[in-house]
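Analysis of the macromolecular model
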Amino acid sequence: MSRRIKAGVLAAVLFFLACFVPVQDTVTVKAAEDLTLKLHYHRTDGDYTDWDVWLWEEGGDGAAYALEEEEGEMVATKVITPGTTSVGFIVRTADWTKDIDADQYIDIAEMVSGTVHVYVESGVEGYEKEYGEDAVTGTKLVKARYDGENTIEVSMTGEIEGDASAAFSVKGAEGEIAVTEVTSGEKFSYQVTLSEPLISTKNYNIIYEGNEYKIVMPDIYSTEKFENEYTYTGKDLGAAWTKEKTTFKVWAPTAEAVKVNLYKAGTPDVDDLIEQLEMQQGETGVWTVEKAGDLNGTYYTYEVTVGEETNEACDPYARTTGVNGQRAMVIDLEATNPEGWENDKDPHADTPITDAVIYELHVRDLSSDESSGIKNTGKFLGLTETGTKTTGGNATGLDHMKELGITHLHLLPFYDYGSVDETQLDKAQFNWGYDPVNYNVPEGSYSTDPYHGEVRVKELKQTIQALHQNDISVVMDVVYNHVHNASEFCFNQIVPGYFSRIDEDGKYSNGSGCGNDTASERSMVKKYIVDSVCYWADEYHIDGFRFDLVGLLDTETINEVVEEVHKSHPNVIFYGEGWTLDTQLTKEGYHMATQLNSEETPGFAYFSDTVRDLLKGHVFDTTEKGYVSGATGVEEEVEKCFMGMPDWCKTPSQSVNYVSCHDNLTLIDRISRATPGTSREDRIKMNNLAAAIYLTSEGIPLMQAGEEMLRTKVKADGGFDENSYASSDAVNSLKWSTLDEEEYAKVYDYYKGLIAFRKAHPVLRLTTAEAVKENVIPVDGLEPNVTAFQINGGVNGETSDGMFVIFNPNAEATEVALPEGVWKVCINGEQAGTRTIETITDGKATVSPISALVLVKGEAAEVPETKQPENKGNKTAGIVAALAAAGVVIAGIIRKRKK
């Protein structure tokens, strides 16, 4: 007889992060009988093309399960690990279009073995649960944790029936350990006393009713004894190549044996082993072996035995790999250097961080739209192509970025990541890349050949050199706070669980929302992060690092990173996401690198979500209005943000000012969502006002690529995509052809003018709180919602005699009294640049609705003219280029005449 139980949604968490795999538990090793979940999915349209089910055990990794027909129904089947009490599911397509935009959980706490059927209706939250005829319900073991002495704390789903003293047995690799006593505690917990203590570096299992569960051992890695004995300070981990020999070194203090496997090719699962080398253990847990001869181009892995388990892993210090990053490659790095590499340098090496204008871009987005005209689609080399244009003759790609005037190109992750299959590059794939696999290896899918490890290295260096030659510095987006899959990450394969924070229940801490958090407080994890950042700065000439979710890393690690890099590269800039997140540190006494602790990391800047949410509305309430779209009563916050010092920040050199980045909605999409019924014209005014504010504010401006041409991300259903981390090129690509339309071209020219103005006026780029407070004075007595600032001239190299900045978000014009003198307007609601638009002598400035007005006293600073690429699609291109170089926004007028 069937037993169907109506169940609601047990948990719904909006999926807003770039990745989400739930934490992994380390419980069951072997099941006596299978527990099988069958999820039945029904769509009224009958179209199951591309749909599958993403399933994960609570405390485990997620995976896609295919829907297969069974007796006329579409069913996804997963064998469940005994001890699991809850299974999460998302019905979705491969590009992460979800049936229900929430994580849902199936309660199976009562299931011991057999089959449980779950019925899900498309578009309906929740499910119905039905037991199969073979279903066995009852009490099962959930977790077992060793206390470090001679007792195992066991948690059950219910009370053990009968004699509990005979319910458990314990065994290790060397045999069974006798149980001397079992006592019951609160909430179905039991204390299992052993006849002898367990060895902390070995693995043990506890058996209950025929099922084996791994016992969670105490954390020894973060103890003072372990760190004193096993912290290695050398700079030579990995494979050190010379033409005469290669020296392999790997840190594996808990290993009983380590070998190096040498392979002919970098393709995993190919049987082409050349030789196996036995490594010798030295002090501080480092294993070493030398191999004579020239091994350049030889692939290798480490084979590490810990207890009864042997793992084959990539080298955490690998400099490059074969396809999909599973085999490291010995490499002659000097041979990968492009001609003139020894003279390559940061074009903005001698400028402070507040001089930066940062442009955030995904490698593939630049070239994936056909209108880009770029040949190397989705590749590093696509960033090097010049002379690319739209059909209307407008610059795309590298030329566009150079014309725009940015100083720093922030590239989303381009280390080796796990979410794109490099063997399937002929198929549509996309991911932002926030799922690290090999931290010191360039991503293979961005190279023209992911199978040969030297290619990705050469092409990335060529790309960085080309950007430098075009006056663009390079910022690398790094994700040291979590890894793609903690249990499979090479460091954790070699030293089990060392790299990641694991709580007392044996589960990975998950403050990242990506399944695991990095244990930066451990000495060899800190060393690894410091070594890695220094390597990228040294070998690839990286000019800046953006740290993803840096609030999960400790301040000591971040300060050491900055200090070590700056010893050789004082030009390198650092910034990151300093959100306060819930993580479980393995040591006491550490502070996290968050906004609130910004004074503890003086060389590191933080994204200002304050200015982001202030200008456009809260990021997680997308219907809320911001300052530019109608919010009222926030003038004081605008003043603080304009001065580069929101409440959490004490200096403008630590405030990264932005209104859009890869996460969440684009700026124009966010404004549109919050302003139903508002005209397109007014929404563009709001967009431009937001840009005018953050591009003239003290601090460090950053913009999402395409914001300057009203970038939108529209899904197939017509809605806006606010988490496009795995969406298609159609959603994510930069639509260059829009620049041929007047509406978009005018916005682009406005942004270009704003950037030129900022670069021409050093007083907007002050580096200290003292300088800002002395020279940037908020103006009182204005109409509600209007903000204004009087800025002194002659400071920080400023060439003007003073500046007056006014922001009017209201739907009506406003009049503001000016200080005495002749004032030249350089920015208004329609135009921006370094040339004078109009002159005001009567002491009154009228500011149009939803606009900015920026005025300069004395000689307006000018930027040197730069040669604009020839626009062959427009006979008037020469006139446009000349005037655009002067900062005059007239391109829209020219295009209008052409029509």
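Residues numbered from 1 in each chain as written. Predicted model: local features only at pLDDT ≥ 70, side-chain atom pairs only at ≥ 80, totals over all residues. Heavy atoms only, no water.

A word on the overall build of the chain. Per the secondary structure count, the chain includes 15 helices and 47 strands. Each of the three principal axes of the chain carries a C-alpha extent, and together these read 95 × 70 × 50 Å. Across the 899 residues in the chain, those meeting the buried criterion constitute 60%. Excluding contacts between residues fewer than 6 apart, the proportion of contacts in the chain whose partners are at least 24 apart in sequence is 70%. In the structure as shown, the chain presents an accessible area of about 34,800 Å², 46% of it carried by carbon and sulfur atoms. In the chain, 77 side chains carry a positive charge and 148 a negative one; their mean positions are 6 Å apart. (Helix = DSSP H or I, 4+ residues; strand = E, 2+ residues; numbered from the N terminus. Buried < 20%, exposed > 50% of the residue type's maximum accessible area, 1.4 Å probe, protein only. Contact = heavy atoms within 4.5 Å. Areas by Shrake-Rupley, 256 points an atom, 1.4 Å probe, with all protein chains shown as cover. Lys, Arg positive; Asp, Glu negative; His and termini not counted. Charge placed at Lys NZ, Arg CZ, Asp CG, Glu CD.)

So, on to the layout of surface pockets. Roughly 990 Å³ of volume is contained in the second largest pocket. Considering each element in turn, the lining of the second largest pocket owes the most residues, three residues, to strand β5 (residues 62-66). Considering only residue class, the lining of the second largest pocket consists of 20 nonpolar, 13 polar and ten charged. (1 Å grid on protein atoms, 1.4 Å probe; cavity = no way out; pocket = protein on both sides within 12 Å on 5 of 7 lines; lining within 4 Å. Points joined across faces, edges and corners; volume = space filled by probe spheres on them. Nonpolar A, V, L, I, M, F, W, Y, C, P; charged D, E, K, R; others polar.)

So, about the sheet that holds strand β18 (residues 189-194). Strand order in the open sheet formed by four strands is β13-β14-β18-β17, with antiparallel pairing between adjacent strands. A strand with exactly one partner marks an edge of an open sheet, and here the two such strands are β13 (141-146) and β17 (179-184). Adjacent strand axes in the sheet meet at a mean angle of 20° when their direction is disregarded. As paired strands, β13 and strand β14 (residues 151-156) are joined by five bridges and run antiparallel to one another. What sits directly across from Arg 145, in β14, is Glu 153. (Pairing = 2+ DSSP bridges. Axes fitted to C-alpha atoms, helices over the stretch in contact; angles between N-to-C directions.)

Let us look at the packing of helix α2 (residues 397-404) against helix α12 (residues 742-760). Axis separation between α2 and α12 bottoms out at 9 Å; the angle between their running directions is 50°. Classed by the angle they form, the pair α2 and α12 counts as oblique. Contact residues: His 400, Glu 403 and Leu 404 in α2; Tyr 748, Tyr 751, Lys 752 and Ile 755 in α12. Broken down by class, the residue content of the contact of α2 with α12 amounts to four nonpolar, one polar and two charged. (Parallel < 35°, antiparallel > 145°, perpendicular 65-115°, else oblique.)

A few words now on the nonpolar core. Membership of the largest hydrophobic core comes to 171 residues, with the highest contact counts inside it found for Phe 248, Trp 251, Met 401, Trp 536, Phe 545, Phe 547 and Phe 574. A total of eleven residues in this core trace back to one element, the largest contributor, which is helix α5 (residues 523-540). In terms of nonpolar packing, the next biggest core, distinct from the first, is built from 24 residues, Leu 55, Ile 80, Val 87 and Val 116 among them. (Core = buried A, V, L, I, M, F, W, Y, C linked by side-chain atoms within 4.5 Å.)

Here we take up the packing of helix α3 (residues 453-469) against α5. Orientation of α3 relative to α5, taken along the N-to-C sense of each, is 70°, at an axis distance of 11 Å. On the basis of the axis angle, α3 is roughly perpendicular to α5. Of α5, the residues touching α3 (which contributes Val 457, Leu 460, Lys 461 and Ile 464) are Trp 536, Glu 539 and Tyr 540. Grouping the amino acids of the contact of α3 with α5 by side-chain chemistry returns five nonpolar, no polar and two charged.

Quick look at the pattern of salt bridges now. By the definition in use, this model includes 43 salt bridges. The residue Arg 673 makes a salt bridge to Glu 722 at a minimum N-O spacing of 3.7 Å. Highlighted residues: Arg 673 in helix α9 (residues 667-674) and Glu 722 in the loop between β39 (700-704) and α11 (729-732), separated in sequence by 49 residues. Exposure remark for Arg 673: the relative accessible area of 26% places this residue in the partly exposed category. (Salt bridge = Lys/Arg side-chain N within 4 Å of Asp/Glu carboxyl O.)

A large share of α2 lies buried, amounting to seven of its eight residues. Regarding α2, the residues found buried are Gly 397, Leu 398, Asp 399, His 400, Met 401, Glu 403 and Leu 404. Against the buried residues of α2 lie β30 (358-361), β31 (408-411), α3, β39 and α12. A positive backbone phi angle near 105° is found at Gly 405, which sits one or two residues after α2.

Turning next to the environment of Arg 364. Position of Arg 364 relative to the elements: it lies in the loop between β30 and α2. In contact with Arg 364, other than residues within four places in its own chain, are Thr 377, Gly 378, Gln 429, Phe 430 and Asp 729. A polar contact is formed between the side chain of Arg 364 and the side chain of Asp 729, at a distance of 2.8 Å. (Polar contact = N/O pair within 3.5 Å; in protein donor to acceptor, adjacent residues only side chain to side chain.)

Take the packing of aromatic side chains next. Enumeration according to the criterion identifies 44 aromatic pairs in this entry. Between Phe 168 and Tyr 190, the ring centres sit 6.5 Å apart and the planes meet at 55°, which makes this aromatic pair tilted. Taken together, the positions of Phe 168 in strand β15 (residues 168-172) and Tyr 190 in strand β18 put the pair 22 residues apart, joining distant regions of the chain. Residue classification places Phe 168 among the buried positions, given a relative accessible area of 6%. Residue classification places Tyr 190 among the buried positions, given a relative accessible area of 6%. (Phe/Tyr/Trp six-rings, centres within 6.5 Å; stacked < 30°, edge-to-face > 60°.)

Looking now at helix α6 (residues 555-568). Under the 1.5 Å per step criterion, the end-to-end length of α6 is 21 Å for 14 residues, consistent within 8% with the ideal 20 Å. Listed in full, the buried residues belonging to α6 are Thr 555, Thr 557, Ile 558, Val 561, Val 562 and Val 565. All buried residues of α6 project into a common sector of 165° when viewed along the axis, lining one side. Turning to α6, the residues buried within the fold contact α5, β35 (544-547) and β36 (573-576). For α6, the side-chain oxygen to backbone nitrogen distance between the N-cap and Glu 556 is 3.1 Å, and the N-cap itself is Asp 554. (Expected span 1.5 Å × (residues − 1). Arc of directions from axis to C-beta.)

Moving on to the environment of Tyr 204. Within the secondary structure, Tyr 204 is located in strand β19 (residues 204-208). Counting along the chain gives 13 residues from Tyr 204 to Met 217, while the straight-line C-alpha distance between them is 8.5 Å. Every residue in contact with Tyr 204, bar those within four places of it in the chain, is listed here: Lys 171, Gly 172, Ile 177, Leu 198, Ile 199, Tyr 213, Lys 214, Ile 215 and Met 217. There is a polar contact of 3.0 Å between the side chain of Tyr 204 and the backbone nitrogen of Ile 199.

What follows covers a negative patch on the surface. Taken together, Glu 783, Glu 812, Glu 815 and Asp 842 make up a surface patch of like negative charges. On the secondary structure map, Glu 783 appears in the loop between β40 (776-778) and β41 (787-792). (Patch = residues over 30% accessible without salt bridge, like charges linked within 9 Å, V, L, I, M, F, W, Y side chains within 5 Å.)

Right, let's get into the side chain of Ser 372. Along the chain, Ser 372 turns up in the loop between β30 and α2. Note on Ser 372: relative accessible area 1%, which makes it buried. From its side chain, Ser 372 meets the backbone oxygen of Ser 367 in a polar contact 3.3 Å long. The contacts of Ser 372, once residues within four sequence positions are left out, are Leu 366, Ser 367, Thr 388, Lys 389, Thr 396 and Trp 736.

Here we come to the sheet that holds strand β44 (residues 823-827). Strand pairing in a sheet takes place through backbone hydrogen bonds and is either antiparallel or parallel in direction. The sheet built from six strands is open, its strands ordered β40-β41-β42-β47-β44-β45 with antiparallel pairing. Whereas interior strands pair on both sides, the edge strands pair on one side only; in this sheet they are β40 and β45 (838-840). Each strand axis lies, on average, 25° off the axis of its neighbour in the sheet, ignoring direction. The sheet contact formed by strand β42 (residues 802-808) and strand β47 (residues 851-857) spans seven bridges and is antiparallel. Residue pairing in the sheet places Ile 806 in a bridge with Leu 853 of β47. Here helix α10 (residues 680-696) sits on the sheet in contact with β42, β44 and β47, set at roughly 145° to β42. Contacting β42, β44 and β47, α12 crosses the sheet at an angle of about 130° to β44.

Under the definition given, this model contains seven cavities of 30 Å³ or more. A volume near 80 Å³ is recorded for the second largest cavity. Lining the second largest cavity are Leu 237, Gly 238, Lys 249, Val 250, Trp 251, Pro 316, Tyr 317, Phe 491, Ile 494 and Met 524. It is strand β22 (residues 245-251) that contributes the most residues to the lining of the second largest cavity, three residues altogether. Broken down by class, the residue content of the lining of the second largest cavity amounts to eight nonpolar, one polar and one charged.

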